[in-house]
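The primary structure of each chain is shown beneath.
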Amino acid sequence: MIIMTWCILVNGRPIEKGILDATRLGGNLLDEGYCSLDVVESTIKFLEDHSSFDAGTGCEINFFGDILMDASIMDGRSLKAGGVGAIRKIKNPISLARKVLEFTPNVLLVGKYAEKFASFLAKQDKSLIVDYFAGTPQTVANYNLMKKKLVNIISDNYIDDYYSFLLSEDSKNVFDQVSVNSGTVSVTVRDNEGNFASGASTGGWPHIIPGRIGDSPLIGCGAYADNLIGAASTSGIRGEENIRLGGLTRKICDLMYSGLTAQKAVENVTEYSRKRLGLVLKRGSLIAIDKDGETGVNNVHSAASQGVGLMRSSMSEAAYFT
Ligand code: ASP
């Protein structure tokens, strides 16, 4: 007899209550019989609406006054996937990524045409909220502070000065003085039927060049799921490194496919990232679930930690660890 168990892993900035509430929400939905894909979307949506994470409402505002967001979601049953990159004014990027998965033959839509697609869909589906100014009192204050700090650097030639500044060494010093949300969120789920799904959502990093797309919307980088193997997702890793390493979530899945447990696969990829690019991955930045429902969380090299929420059907309460 095989006893199927559901299991959900959620990670992001270490804000215990937000992560625990999201994990509980996902756990309740799994208990009610929702499939892993629905649970990934709902859980990430909850985190996007929570102002403390760098996803959805909590994303930082860039110098041009824009909030640029990336997200992706993948269904392990069909290997269908959807991603959106550098989109603005969409309340829940993860839901738009889900629409790309469901309604298009494509995987990734970016920028203004992704926004147009969202506006078209929003006419029929009122749950997709467009023309939404994400932003919180904190991110607006951060934006005003950044502008103030740049007042002497950026003068008449507004756009050229800004790009020159972004490419200079000074930019890091200035941005380090502005406290910003950083904390992409990601969710990995196995449901009662043994179906896997994964997703990620982010506002990227505070001092990136506008228009940049990170790892979160890229399948195999931000998230990967395959019913034959398991699923993995990431948060808190600079996207450029994840992309240059060829997609860490796909690598974790490859290792699980070759027989490693989720934990061993995550450790192996953490070690590879250290060896190859000297990365010290934050504890909890890689999460995975294998076919047997065992979980993997990187915990070897820990500079800082991501908060991780875990719940499985055998647990009466969600657990949180950093
Ligand atoms: N990986 C995200 C990005 O580079 C950032 C993060 O995970 O914190 O866009």
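Quick notes on the rules
- Residues numbered from 1 in each chain as written.
- Predicted model: local features only at pLDDT ≥ 70, side-chain atom pairs only at ≥ 80, totals over all residues.
- Heavy atoms only, no water.
- Helix = DSSP H or I, 4+ residues; strand = E, 2+ residues; numbered from the N terminus.
- Buried < 20%, exposed > 50% of the residue type's maximum accessible area, 1.4 Å probe, protein only.
- Contact = heavy atoms within 4.5 Å.
- Areas by Shrake-Rupley, 256 points an atom, 1.4 Å probe, with all protein chains shown as cover.
- Lys, Arg positive; Asp, Glu negative; His and termini not counted.
- Charge placed at Lys NZ, Arg CZ, Asp CG, Glu CD.
- Pairing = 2+ DSSP bridges.
- Axes fitted to C-alpha atoms, helices over the stretch in contact; angles between N-to-C directions.
- Expected span 1.5 Å × (residues − 1).
- Arc of directions from axis to C-beta.

Thoughts on the overall build of the chain
Item 1. For the chain, the helix and strand inventory stands at ten helices and twelve strands.
Item 2. If you line up the chain on its principal axes, its C-alpha atoms span 70 × 50 × 35 Å.
Item 3. Counting the 322 residues in the chain, one finds 55% classified as buried.
Item 4. Long-range pairs, those at least 24 residues apart, make up 67% of the contacts in the chain between residues at least 6 apart in sequence.
Item 5. Element-wise, carbon and sulfur atoms account for 51% of the exposed surface of the chain, whose accessible area totals about 13700 Å².
Item 6. Taking the 33 positively charged and 36 negatively charged side chains of the chain as two groups, their mean positions are separated by 2 Å.

Focus on unusual backbone geometry
Negative phi values dominate among residues other than glycine, just as trans dominates among peptide bonds.
Item 1. Positive phi values are uncommon outside glycine, yet A86 reaches one of about 50°.
Item 2. On the basis of relative accessibility, which here comes to 11%, the residue A86 falls in the buried class.
Item 3. Even without glycine at this site, D131 takes up a positive phi of about 55°.
Item 4. Note on placement: D131 falls in the loop between α4 (111-124) and α5 (137-150).
Item 5. On the basis of relative accessibility, which here comes to 65%, the residue D131 falls in the exposed class.

Considerations on the sheet that holds strand β6 (residues 196-202)
Item 1. Strand order in this open sheet of eight strands is β4-β3-β2-β6-β5-β1-β11-β12, and the pairing throughout is mixed. Two strands bound the open sheet, and with one partner strand each, they are β4 (108-110) and β12 (319-321). In this sheet, neighbouring strand axes are inclined to one another by 10° on average, regardless of whether the strands run parallel or antiparallel.
Item 2. Summarising the sheet, strand β2 (residues 69-75) and strand β3 (residues 80-87) pair through six bridges and their orientation is antiparallel.

Some thoughts on the sheet that holds strand β8 (residues 230-234)
Item 1. Taken together, four strands build an open sheet; the order of strands is β7-β8-β9-β10 and the sheet is antiparallel. Where the open sheet ends on each side, the last strands, each with one partner, are β7 (223-226) and β10 (295-297). The average angle at which neighbouring strand axes cross in this sheet is 10°, direction not considered.
Item 2. In the packing of helix α9 (residues 248-257) onto the sheet, the strands contacted are β7, β8 and β9 (286-290), and the crossing angle to β8 comes to about 155°.

Quick word on α5
Item 1. Taking 1.5 Å as the rise per residue, α5 with 14 residues should run 20 Å; its terminal C-alpha atoms sit 20 Å apart, in good agreement.
Item 2. Buried within α5 we find T139, N142, Y143, M146 and L150. The buried residues of α5 all sit within an arc of 100° when viewed along its axis, so they share a single face. Exposed and facing more than 90 degrees away from the buried side of α5 are P137 and K148.

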